[in-house]
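# Reading the structure
Chain residues, written in single-letter form:
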Amino acid sequence: MTSNMSTAVPLASPRNLPQSPQPFSVITEHWQNKLQIPSPGDQDKDLCSFGDVYEENLYRLIHTHLELDTHDRFAYVGASKGSLASKIKDKFCLLQPMVNIFPGLIHYEQTPNQRMLPFKIAHVGAEEYFRQLADDMTDDKEPPFDKILLKDSVEHFTHPAETFSHIMKTLTKFGRILIIHRPGPMATLPFFSEASRRFSDEDVDEPYIKIIKNLQAIKVDVKWEVETVPIVMPKTKWLAMLKEKFPPQMEVISNCQVQSGIRELTEGMLKYQGDMVEFYDRLLFVTATHPLVNCGYPSIQRCGASDAMPYPGVAGDMKYTLKVTPDLYAHVREMEQKVQDKERILF
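Residues numbered from 1 in each chain as written. Predicted model: local features only at pLDDT ≥ 70, side-chain atom pairs only at ≥ 80, totals over all residues. Heavy atoms only, no water.

This next bit is on the overall build of the protein. Counting its regular elements, the protein contains nine helices and nine strands. By sequence separation, contacts in the protein at least 24 residues apart represent 78% of the contacts at least 6 residues apart. Approximately 21,200 Å² of the protein is accessible, and the part contributed by carbon and sulfur atoms is 55%. (Helix = DSSP H or I, 4+ residues; strand = E, 2+ residues; numbered from the N terminus. Contact = heavy atoms within 4.5 Å. Areas by Shrake-Rupley, 256 points an atom, 1.4 Å probe, with all protein chains shown as cover.)

Here is the structure:
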(Lines give C-alpha, C1' and ligand atoms only; values in the text may rest on other atoms or scores of the structure.)
Protein backbone atom coordinates (compact mmCIF):
# COMPACT_ATOMS: atom_id res chain seq x y z
CA MET A 1 0.00 0.00 0.00
CA THR A 2 1.52 3.31 -1.10
CA SER A 3 0.39 6.89 -0.65
CA ASN A 4 1.42 10.06 -2.40
CA MET A 5 1.43 13.08 -0.03
CA SER A 6 3.29 15.41 -2.39
CA THR A 7 0.19 17.28 -3.57
CA ALA A 8 -2.55 18.62 -1.31
CA VAL A 9 -6.02 18.50 -2.81
CA PRO A 10 -8.44 21.23 -1.65
CA LEU A 11 -11.62 20.02 -0.05
CA ALA A 12 -13.79 21.65 -2.71
CA SER A 13 -11.68 20.53 -5.68
CA PRO A 14 -13.66 19.06 -8.62
CA ARG A 15 -11.66 15.86 -8.20
CA ASN A 16 -13.30 15.38 -4.81
CA LEU A 17 -16.85 16.04 -5.97
CA PRO A 18 -19.18 13.19 -6.99
CA GLN A 19 -19.57 12.78 -10.73
CA SER A 20 -23.08 11.45 -10.47
CA PRO A 21 -25.37 12.97 -9.53
CA GLN A 22 -23.86 16.43 -10.18
CA PRO A 23 -24.03 18.76 -7.15
CA PHE A 24 -26.20 21.86 -7.49
CA SER A 25 -23.66 24.09 -5.76
CA VAL A 26 -20.44 24.02 -3.80
CA ILE A 27 -20.03 26.15 -0.68
CA THR A 28 -16.56 27.04 0.49
CA GLU A 29 -15.55 29.44 3.21
CA HIS A 30 -12.27 31.05 4.13
CA TRP A 31 -11.49 34.31 5.90
CA GLN A 32 -10.11 37.26 4.02
CA ASN A 33 -9.37 40.51 5.77
CA LYS A 34 -10.86 42.88 3.20
CA LEU A 35 -10.85 45.76 5.66
CA GLN A 36 -7.74 47.89 5.45
CA ILE A 37 -7.09 48.45 9.15
CA PRO A 38 -4.84 51.49 9.44
CA SER A 39 -1.61 51.35 11.40
CA PRO A 40 -0.62 54.08 13.87
CA GLY A 41 1.65 55.64 11.27
CA ASP A 42 -1.22 55.97 8.80
CA GLN A 43 -3.58 57.54 11.33
CA ASP A 44 -3.61 60.97 12.87
CA LYS A 45 -2.58 61.64 16.46
CA ASP A 46 -6.16 60.96 17.63
CA LEU A 47 -6.09 57.22 16.96
CA CYS A 48 -6.83 56.61 20.66
CA SER A 49 -9.82 58.95 20.65
CA PHE A 50 -13.50 58.04 20.48
CA GLY A 51 -14.23 61.09 18.35
CA ASP A 52 -15.75 64.55 18.69
CA VAL A 53 -19.28 63.36 19.52
CA TYR A 54 -17.99 61.25 22.39
CA GLU A 55 -15.69 63.90 23.80
CA GLU A 56 -18.27 66.70 23.70
CA ASN A 57 -20.72 64.54 25.66
CA LEU A 58 -17.98 63.50 28.07
CA TYR A 59 -17.04 67.14 28.75
CA ARG A 60 -20.68 67.87 29.52
CA LEU A 61 -20.76 65.03 32.06
CA ILE A 62 -17.46 66.17 33.60
CA HIS A 63 -18.93 69.64 34.01
CA THR A 64 -22.06 68.15 35.64
CA HIS A 65 -20.28 65.86 38.09
CA LEU A 66 -17.00 67.69 38.77
CA GLU A 67 -18.18 71.31 38.38
CA LEU A 68 -14.77 72.26 37.03
CA ASP A 69 -14.30 76.04 37.10
CA THR A 70 -11.85 78.25 35.21
CA HIS A 71 -9.96 79.24 38.38
CA ASP A 72 -9.75 75.73 39.87
CA ARG A 73 -6.38 74.13 40.54
CA PHE A 74 -6.84 70.90 38.64
CA ALA A 75 -5.06 67.52 38.58
CA TYR A 76 -5.63 64.86 35.91
CA VAL A 77 -4.78 61.23 36.66
CA GLY A 78 -4.82 59.01 33.58
CA ALA A 79 -2.74 57.06 31.09
CA SER A 80 -0.91 58.90 28.33
CA LYS A 81 -2.62 56.76 25.67
CA GLY A 82 -5.96 58.46 25.02
CA SER A 83 -5.30 61.20 27.59
CA LEU A 84 -7.81 64.06 27.75
CA ALA A 85 -5.65 66.28 29.95
CA SER A 86 -4.70 68.95 27.40
CA LYS A 87 -8.17 68.91 25.81
CA ILE A 88 -9.85 69.45 29.19
CA LYS A 89 -7.48 72.33 29.92
CA ASP A 90 -8.47 74.02 26.64
CA LYS A 91 -12.16 73.15 26.87
CA PHE A 92 -12.64 74.56 30.38
CA CYS A 93 -10.18 77.46 29.85
CA LEU A 94 -8.23 76.62 32.99
CA LEU A 95 -6.11 79.54 34.14
CA GLN A 96 -4.14 77.72 36.83
CA PRO A 97 -1.29 75.33 35.90
CA MET A 98 -2.62 71.78 35.50
CA VAL A 99 -0.87 68.74 36.97
CA ASN A 100 -0.87 65.60 34.80
CA ILE A 101 -0.17 62.45 36.84
CA PHE A 102 0.63 58.95 35.52
CA PRO A 103 -1.75 56.47 37.23
CA GLY A 104 0.68 53.62 37.83
CA LEU A 105 2.31 50.60 36.29
CA ILE A 106 0.97 47.12 35.62
CA HIS A 107 3.32 44.46 34.26
CA TYR A 108 1.73 41.82 32.03
CA GLU A 109 3.26 38.36 31.72
CA GLN A 110 2.08 36.05 28.94
CA THR A 111 1.43 32.40 29.79
CA PRO A 112 1.93 29.47 27.37
CA ASN A 113 -1.82 29.42 26.66
CA GLN A 114 -1.75 33.04 25.39
CA ARG A 115 -3.22 34.48 28.58
CA MET A 116 -1.88 37.73 30.03
CA LEU A 117 -1.41 37.86 33.81
CA PRO A 118 -1.33 41.36 35.37
CA PHE A 119 1.07 42.26 38.18
CA LYS A 120 0.57 45.64 39.84
CA ILE A 121 3.75 47.54 40.66
CA ALA A 122 3.43 49.27 44.04
CA HIS A 123 4.78 52.68 45.08
CA VAL A 124 4.82 54.19 41.59
CA GLY A 125 2.70 56.73 39.73
CA ALA A 126 -0.27 58.43 41.36
CA GLU A 127 -0.19 56.18 44.41
CA GLU A 128 3.32 57.31 45.37
CA TYR A 129 2.78 60.92 44.24
CA PHE A 130 -0.23 61.51 46.49
CA ARG A 131 1.38 59.64 49.39
CA GLN A 132 4.38 61.95 49.38
CA LEU A 133 2.19 65.00 48.87
CA ALA A 134 -0.05 64.01 51.80
CA ASP A 135 2.97 63.40 54.05
CA ASP A 136 4.23 66.91 53.31
CA MET A 137 0.88 68.50 54.23
CA THR A 138 0.71 70.45 57.51
CA ASP A 139 -2.14 72.23 59.28
CA ASP A 140 -0.96 75.64 58.14
CA LYS A 141 -0.33 74.53 54.54
CA GLU A 142 -3.10 74.98 51.99
CA PRO A 143 -4.03 71.86 49.96
CA PRO A 144 -2.78 72.16 46.38
CA PHE A 145 -5.89 71.03 44.45
CA ASP A 146 -9.51 72.11 44.07
CA LYS A 147 -10.59 69.39 41.61
CA ILE A 148 -9.06 66.02 40.71
CA LEU A 149 -10.13 63.72 37.87
CA LEU A 150 -9.17 60.03 37.84
CA LYS A 151 -9.90 58.40 34.48
CA ASP A 152 -9.28 54.66 34.04
CA SER A 153 -6.87 54.83 36.99
CA VAL A 154 -8.24 53.03 40.05
CA GLU A 155 -7.27 49.59 38.71
CA HIS A 156 -3.60 50.63 39.12
CA PHE A 157 -3.89 51.18 42.89
CA THR A 158 -2.56 48.40 45.10
CA HIS A 159 -4.10 49.99 48.23
CA PRO A 160 -7.17 51.94 47.01
CA ALA A 161 -8.53 53.09 50.38
CA GLU A 162 -5.13 54.37 51.51
CA THR A 163 -4.58 56.11 48.17
CA PHE A 164 -8.02 57.75 48.30
CA SER A 165 -7.20 58.98 51.81
CA HIS A 166 -3.99 60.60 50.56
CA ILE A 167 -5.84 62.17 47.63
CA MET A 168 -8.47 63.70 49.91
CA LYS A 169 -5.73 65.26 52.05
CA THR A 170 -4.50 67.17 49.00
CA LEU A 171 -8.00 68.50 48.31
CA THR A 172 -9.35 71.82 49.59
CA LYS A 173 -12.28 71.91 51.99
CA PHE A 174 -14.87 72.37 49.25
CA GLY A 175 -12.89 70.44 46.63
CA ARG A 176 -14.08 67.40 44.72
CA ILE A 177 -12.67 64.33 43.01
CA LEU A 178 -14.30 62.55 40.08
CA ILE A 179 -13.59 58.91 39.25
CA ILE A 180 -14.53 57.71 35.74
CA HIS A 181 -14.47 53.93 35.53
CA ARG A 182 -15.61 51.42 32.90
CA PRO A 183 -16.88 48.34 34.82
CA GLY A 184 -16.31 45.10 32.95
CA PRO A 185 -19.75 43.53 33.57
CA MET A 186 -21.46 46.75 32.44
CA ALA A 187 -19.35 47.40 29.32
CA THR A 188 -21.34 48.14 26.14
CA LEU A 189 -18.46 48.63 23.69
CA PRO A 190 -18.40 46.10 20.80
CA PHE A 191 -15.58 43.93 22.15
CA PHE A 192 -15.01 40.41 20.94
CA SER A 193 -16.14 37.55 23.17
CA GLU A 194 -12.77 36.75 24.76
CA ALA A 195 -12.23 40.38 25.76
CA SER A 196 -15.75 40.70 27.22
CA ARG A 197 -15.30 37.51 29.22
CA ARG A 198 -11.89 38.59 30.53
CA PHE A 199 -13.09 42.05 31.56
CA SER A 200 -15.98 40.51 33.48
CA ASP A 201 -13.64 38.06 35.20
CA GLU A 202 -11.28 40.90 36.20
CA ASP A 203 -14.13 42.84 37.81
CA VAL A 204 -15.30 39.73 39.68
CA ASP A 205 -11.95 39.67 41.47
CA GLU A 206 -12.11 43.41 42.14
CA PRO A 207 -15.70 44.55 41.55
CA TYR A 208 -16.47 48.17 40.74
CA ILE A 209 -18.57 48.50 43.90
CA LYS A 210 -15.27 48.25 45.76
CA ILE A 211 -14.53 51.83 44.69
CA ILE A 212 -17.50 53.09 46.69
CA LYS A 213 -16.67 50.86 49.66
CA ASN A 214 -13.09 52.13 49.75
CA LEU A 215 -14.36 55.72 49.74
CA GLN A 216 -16.84 54.81 52.46
CA ALA A 217 -13.97 53.45 54.56
CA ILE A 218 -12.28 56.86 54.67
CA LYS A 219 -15.57 58.59 55.62
CA VAL A 220 -16.15 60.93 52.69
CA ASP A 221 -19.43 61.92 51.04
CA VAL A 222 -19.96 60.00 47.82
CA LYS A 223 -22.31 60.35 44.88
CA TRP A 224 -22.41 58.00 41.92
CA GLU A 225 -24.19 57.58 38.63
CA VAL A 226 -24.06 55.32 35.57
CA GLU A 227 -23.83 57.36 32.36
CA THR A 228 -23.88 56.39 28.69
CA VAL A 229 -21.82 58.33 26.13
CA PRO A 230 -22.55 58.00 22.38
CA ILE A 231 -19.78 57.06 19.94
CA VAL A 232 -19.76 57.54 16.16
CA MET A 233 -16.64 56.48 14.27
CA PRO A 234 -15.41 54.57 11.20
CA LYS A 235 -15.48 50.82 11.59
CA THR A 236 -11.81 50.53 10.61
CA LYS A 237 -10.80 53.00 13.30
CA TRP A 238 -12.49 50.94 16.02
CA LEU A 239 -10.66 47.82 14.81
CA ALA A 240 -7.40 49.79 14.72
CA MET A 241 -7.98 50.92 18.31
CA LEU A 242 -8.45 47.32 19.41
CA LYS A 243 -5.31 46.36 17.53
CA GLU A 244 -3.40 49.02 19.47
CA LYS A 245 -4.96 47.73 22.72
CA PHE A 246 -7.17 50.69 23.43
CA PRO A 247 -9.21 51.31 25.62
CA PRO A 248 -6.67 50.66 28.41
CA GLN A 249 -8.54 47.53 29.57
CA MET A 250 -7.31 45.85 26.36
CA GLU A 251 -3.77 45.62 27.79
CA VAL A 252 -4.83 42.41 29.53
CA ILE A 253 -5.50 40.76 26.13
CA SER A 254 -2.60 39.08 24.29
CA ASN A 255 -1.69 39.93 20.69
CA CYS A 256 -2.84 36.51 19.50
CA GLN A 257 -6.24 36.99 21.16
CA VAL A 258 -6.55 40.47 19.64
CA GLN A 259 -5.92 39.13 16.14
CA SER A 260 -8.47 36.33 16.50
CA GLY A 261 -10.91 38.78 18.13
CA ILE A 262 -10.68 41.22 15.21
CA ARG A 263 -11.41 38.34 12.86
CA GLU A 264 -14.41 37.43 15.03
CA LEU A 265 -15.77 40.97 14.76
CA THR A 266 -15.20 41.32 11.03
CA GLU A 267 -16.92 38.00 10.40
CA GLY A 268 -19.58 38.63 13.06
CA MET A 269 -21.30 41.74 14.39
CA LEU A 270 -19.36 44.15 12.14
CA LYS A 271 -19.57 42.11 8.95
CA TYR A 272 -22.70 43.68 7.49
CA GLN A 273 -22.37 47.16 8.99
CA GLY A 274 -21.58 50.21 6.87
CA ASP A 275 -18.37 52.17 6.97
CA MET A 276 -19.49 54.00 10.15
CA VAL A 277 -20.55 52.38 13.42
CA GLU A 278 -22.54 53.83 16.31
CA PHE A 279 -22.56 52.50 19.86
CA TYR A 280 -22.53 53.64 23.48
CA ASP A 281 -19.93 53.61 26.22
CA ARG A 282 -21.38 52.92 29.67
CA LEU A 283 -19.31 54.53 32.41
CA LEU A 284 -19.47 54.78 36.19
CA PHE A 285 -19.07 58.32 37.56
CA VAL A 286 -18.17 58.55 41.25
CA THR A 287 -17.64 61.89 43.01
CA ALA A 288 -16.24 62.30 46.50
CA THR A 289 -16.07 65.35 48.78
CA HIS A 290 -15.17 66.08 52.37
CA PRO A 291 -18.18 65.62 54.71
CA LEU A 292 -20.01 68.92 55.01
CA VAL A 293 -21.89 67.78 58.12
CA ASN A 294 -20.14 65.91 60.92
CA CYS A 295 -22.93 63.44 61.64
CA GLY A 296 -20.80 60.38 62.35
CA TYR A 297 -21.40 58.61 59.02
CA PRO A 298 -20.71 59.50 55.38
CA SER A 299 -23.38 60.24 52.80
CA ILE A 300 -23.44 57.79 49.89
CA GLN A 301 -26.13 58.65 47.37
CA ARG A 302 -26.92 58.14 43.74
CA CYS A 303 -26.90 61.43 41.84
CA GLY A 304 -30.34 63.06 42.04
CA ALA A 305 -31.31 61.26 45.26
CA SER A 306 -32.28 63.23 48.33
CA ASP A 307 -29.33 64.26 50.48
CA ALA A 308 -31.57 64.01 53.53
CA MET A 309 -31.80 60.24 53.24
CA PRO A 310 -29.98 58.54 56.16
CA TYR A 311 -27.03 56.28 55.68
CA PRO A 312 -28.02 52.62 55.04
CA GLY A 313 -28.34 50.69 58.29
CA VAL A 314 -28.95 53.75 60.43
CA ALA A 315 -32.65 54.12 59.71
CA GLY A 316 -33.45 50.79 61.34
CA ASP A 317 -32.08 51.98 64.70
CA MET A 318 -33.85 55.33 64.73
CA LYS A 319 -37.02 55.86 66.80
CA TYR A 320 -39.48 58.52 65.76
CA THR A 321 -41.79 60.29 68.26
CA LEU A 322 -44.68 62.68 67.74
CA LYS A 323 -46.17 64.92 70.38
CA VAL A 324 -49.95 64.30 70.65
CA THR A 325 -52.13 67.36 71.22
CA PRO A 326 -55.46 67.10 73.10
CA ASP A 327 -57.42 67.18 69.82
CA LEU A 328 -55.39 64.33 68.37
CA TYR A 329 -55.54 62.41 71.65
CA ALA A 330 -59.36 62.51 71.61
CA HIS A 331 -59.37 61.12 68.07
CA VAL A 332 -56.87 58.40 68.93
CA ARG A 333 -58.79 57.52 72.09
CA GLU A 334 -61.96 57.13 70.06
CA MET A 335 -60.25 54.71 67.67
CA GLU A 336 -58.85 52.66 70.56
CA GLN A 337 -62.34 52.44 72.08
CA LYS A 338 -63.78 51.05 68.82
CA VAL A 339 -61.09 48.35 68.71
CA GLN A 340 -61.86 47.33 72.31
CA ASP A 341 -65.58 47.16 71.58
CA LYS A 342 -64.96 44.81 68.62
CA GLU A 343 -62.87 42.51 70.77
CA ARG A 344 -65.59 42.28 73.41
CA ILE A 345 -68.16 41.35 70.75
CA LEU A 346 -65.97 38.56 69.35
CA PHE A 347 -64.97 37.10 72.69
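To continue, consider the pairing of strand β8 (residues 276-289). Within β8, 10 of the 14 residues are buried, which leaves it mostly tucked inside the rest of the structure. In this structure, strand β6 (residues 171-181) lies alongside β8, joined through five bridges in antiparallel fashion. For Ile179, the partnering residue across the bridge sits in β8 and is Val286. Bridge analysis of strand β7 (residues 221-234) against β8 gives 14 bridges, and the strand direction is antiparallel. Bridging across to β8, Asp221 finds its partner in Thr289. (Buried < 20%, exposed > 50% of the residue type's maximum accessible area, 1.4 Å probe, protein only. Pairing = 2+ DSSP bridges.)

Taken together, Val53, Val232 and Met276 make up a surface patch of nonpolar side chains, about 230 Å² in accessible area. Mapped onto the secondary structure, Val53 falls in helix α1 (residues 52-66). With a relative accessible area of 40%, Val53 lands in the partly exposed category. (Patch = residues over 30% accessible without salt bridge, like charges linked within 9 Å, V, L, I, M, F, W, Y side chains within 5 Å. Salt bridge = Lys/Arg side-chain N within 4 Å of Asp/Glu carboxyl O.)

Geometric descriptors of this kind do not, in isolation, establish any biological role.
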